[in-house]
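Residue-level structural notes
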Amino acid sequence: MSSAPPYHLFETPLGWIGIAWSERGLSRAQLPERDRAATERRLLATMPRAQAAHPAEQSAEQLPGAIAEAVAAIRRYAAGETVDFTDIAVDLGDADDFRLAIYDAARELGFGETVTYGELAARAGHAGLARETGQALGQNPVPIVVPCHRILAAGGKIGGFSAPGGSITKERLLNLEGVQVGAPPSAQGSFAF
């Protein structure tokens, strides 16, 4: 791997998203901040040596094929399309065996499918480690592709989310997938008096 991993920023209906990659696959996905510059700052804060793939223009046409396909898939997802990210290669760096198992189990969840932290831990072969599962997901370097937003707290509550915007961003991603978290509004509240 080169000493300066490439990154690319691109606009989606959710806002500007940033990605970085290695020869093994996608290594970072930065969810949107308030604007392009803020997204880039956050991405570079986690990868200070990264270099823009195309500094003069942010065109996906000159990206490596697999990375261009990942950009296209993320754009379609952000536009509300049902997208399966399991074919996108990821480079999870030095993630330990526990985190790899958790990330693999999360990647098996389909569009709009949610489980609790405890259920995901059990699916990953680590029953009883719900808290540790949440911590592992908080370190997920490639959100959306490793869909940590699909993991809920006990009782179907939204739970935490370490990406910009916190649980509001998590709920927004779930809503994109048709998932409503929490109790629906009361019938009385739906009338306009």
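One structure accompanies this document, and this report is about it. Here the structure is a predicted model, which means the values were calculated and not measured.

1. Overview of the overall build of the chain
Counting its secondary structure elements, the chain contains six helices and six strands. Listing the helices and strands of the chain from first to last along the sequence gives β-β-β-α-β-α-α-β-α-α-β-α. For the chain, buried positions account for 45% of its 193 residues. Intrachain contacts of the chain at a sequence separation of at least 6 include 57% that bridge at least 24 residues. By element, 51% of the accessible surface of the chain is carried by carbon and sulfur atoms, the whole surface being about 9900 Å².

2. Thoughts on the nonpolar core
Ranked by internal contacts, the top residues of the largest apolar core, which has 45 residues, are Ile19, Leu26, Phe85, Ile102, Leu120 and Leu137. Elements with a contribution of two residues or more to this core: β2 (15–22), β3 (25–30), α2 (65–78), α3 (97–107), α4 (117–123) and α5 (130–138). At seven residues, the largest contribution of residues to this core is made by α2. Among the nonpolar cores identified, the runner-up in size contains six residues, and Tyr7, Leu9, Met47 and Ala50 belong to it.

3. Observations concerning the layout of surface pockets
By volume, the largest pocket is sized at about 350 Å³. Lining the largest pocket are 21 residues; nearest its centre among them are Leu137, Gly138, Asn140, Ser162 and Ala163. Mapped by element, the contributors of at least two residues to the lining of the largest pocket are β3, α1 (36–46) and α5. Broken down by class, the residue content of the lining of the largest pocket amounts to 10 nonpolar, eight polar and three charged. Looking at the second largest pocket, its volume works out to about 230 Å³.

4. Here we look at the packing of aromatic side chains
Aromatic rings considered in pairs are described by the distance between their centres and by the relative angle of their planes. For the coordinates displayed, the defined rule picks out two aromatic pairs. Arranged with centres 6.1 Å apart and planes meeting at 80°, the rings of Tyr77 and Phe111 form a pair that is edge-to-face. Linking Tyr77 in helix α2 with Phe111 in the loop between α3 and β5 (115–116), this pair joins segments that are 34 residues apart in sequence. Given a relative accessible area of 25%, Phe111 falls into the partly exposed group.

Parameters and conventions
- Residues numbered from 1 in each chain as written.
- Predicted model: local features only at pLDDT ≥ 70, side-chain atom pairs only at ≥ 80, totals over all residues.
- Heavy atoms only, no water.
- Helix = DSSP H or I, 4+ residues; strand = E, 2+ residues; numbered from the N terminus.
- Buried < 20%, exposed > 50% of the residue type's maximum accessible area, 1.4 Å probe, protein only.
- Contact = heavy atoms within 4.5 Å.
- Areas by Shrake-Rupley, 256 points an atom, 1.4 Å probe, with all protein chains shown as cover.
- Core = buried A, V, L, I, M, F, W, Y, C linked by side-chain atoms within 4.5 Å.
- 1 Å grid on protein atoms, 1.4 Å probe; cavity = no way out; pocket = protein on both sides within 12 Å on 5 of 7 lines; lining within 4 Å.
- Points joined across faces, edges and corners; volume = space filled by probe spheres on them.
- Nonpolar A, V, L, I, M, F, W, Y, C, P; charged D, E, K, R; others polar.
- Phe/Tyr/Trp six-rings, centres within 6.5 Å; stacked < 30°, edge-to-face > 60°.

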